[in-house]
Amino acid sequence: MYKIELQNFHIKENKGWDAIESLAELTKLGYPSNRLGKYVRGSNEIQVTIGSTKVGQSLGLNEKIKKLVLSEFPLTDLSSTKTTNGAIDKPEYPTFLFLLEYKSHKLNAFMLKLEKLLIDTI
């Protein structure tokens, strides 16, 4: 199994998945956390979860995130994932497949663009 490593982000290991956290202090800008998304070990899924927060919903982030994913990875299968923690009121969030072992630098570049999008949108 491949361990996620990104240059410009903090990776917090959890059971079965890794949180990808921004080093920019997004909470000071009004976001509820610095977590941009999750890497689900074993499935190669990147789940961009920040758009499903109340702040993200009010800013229409999920649509902007989907456009960013498709502009960076035009051949990816973009889907939506519903939260699995039992919170039925949260919307689905963008999910895409990504083979980290081959292109972690491309994921790092994508996350930097996502971070910039969040900062510019708030």
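Residues numbered from 1 in each chain as written. Predicted model: local features only at pLDDT ≥ 70, side-chain atom pairs only at ≥ 80, totals over all residues. Heavy atoms only, no water.

A. Broad picture of the environment of asparagine 108. Considering the arrangement of structural elements, one finds asparagine 108 in helix α3 (residues 100-121). Of the residues examined, asparagine 108 reaches a relative accessible area of 6% and is grouped as buried. Taking C-alpha positions, asparagine 108 is 8.8 Å from glutamate 5, a pair spaced 103 residues apart along the chain. Excluding anything up to four places from it in sequence, asparagine 108 contacts Leu6, Gln7, Asn8 and Phe9. (Helix = DSSP H or I, 4+ residues; strand = E, 2+ residues; numbered from the N terminus. Buried < 20%, exposed > 50% of the residue type's maximum accessible area, 1.4 Å probe, protein only. Contact = heavy atoms within 4.5 Å.)

B. Quick peek at a nonpolar patch on the surface. A cluster of nonpolar residues, Leu29, Ile119 and Ile122, forms a patch on the protein surface that exposes about 230 Å² of accessible area. The residue isoleucine 119 is located in helix α3 in this model. For isoleucine 119, a relative accessible area of 37% puts it in the partly exposed group. (Patch = residues over 30% accessible without salt bridge, like charges linked within 9 Å, V, L, I, M, F, W, Y side chains within 5 Å. Areas by Shrake-Rupley, 256 points an atom, 1.4 Å probe, with all protein chains shown as cover. Salt bridge = Lys/Arg side-chain N within 4 Å of Asp/Glu carboxyl O.)

C. Structural context of unusual backbone geometry. With a phi close to 60 degrees, asparagine 44 is a non-glycine residue in the positive phi region. With respect to the helices and strands, asparagine 44 occurs in the loop between β3 (35-40) and β4 (45-47).

D. A look at the sheet that holds strand β5 (residues 78-81). One open sheet holds the 6 strands; their spatial order is β1-β2-β3-β4-β6-β5, and the pairing between them is antiparallel. Edge positions in the sheet fall to β1 (9-13) and β5, since each of these pairs with one other strand and no more. Mean inter-strand twist for the sheet, computed between neighbouring axes without regard to direction, equals 30 degrees. Pairing of β4 with strand β6 (residues 93-97) involves 3 bridges; the strand directions are antiparallel. Note on β6: the bridge partner recorded for isoleucine 46 is phenylalanine 96. Docked against the sheet, helix α2 (residues 61-72) engages β5 and β6, running at close to 15 degrees with respect to β6. (Pairing = 2+ DSSP bridges. Axes fitted to C-alpha atoms, helices over the stretch in contact; angles between N-to-C directions.)

E. Structural view of the nonpolar core. In terms of nonpolar packing, the biggest core is built from 24 residues, with Ile20, Ile46, Phe96, Leu107, Phe110, Met111 and Leu114 touching the most fellow members. Listing elements by their share of this core, those giving two or more residues are β1, β3, α2 and α3. The dominant element in this core, judged by the number of residues it contributes, is α3, at 5 residues. Ignoring anything within four residues of it in the chain, the contact list for methionine 111 reads Leu6, Phe9, Ile20, Leu36 and Ile46. (Core = buried A, V, L, I, M, F, W, Y, C linked by side-chain atoms within 4.5 Å.)

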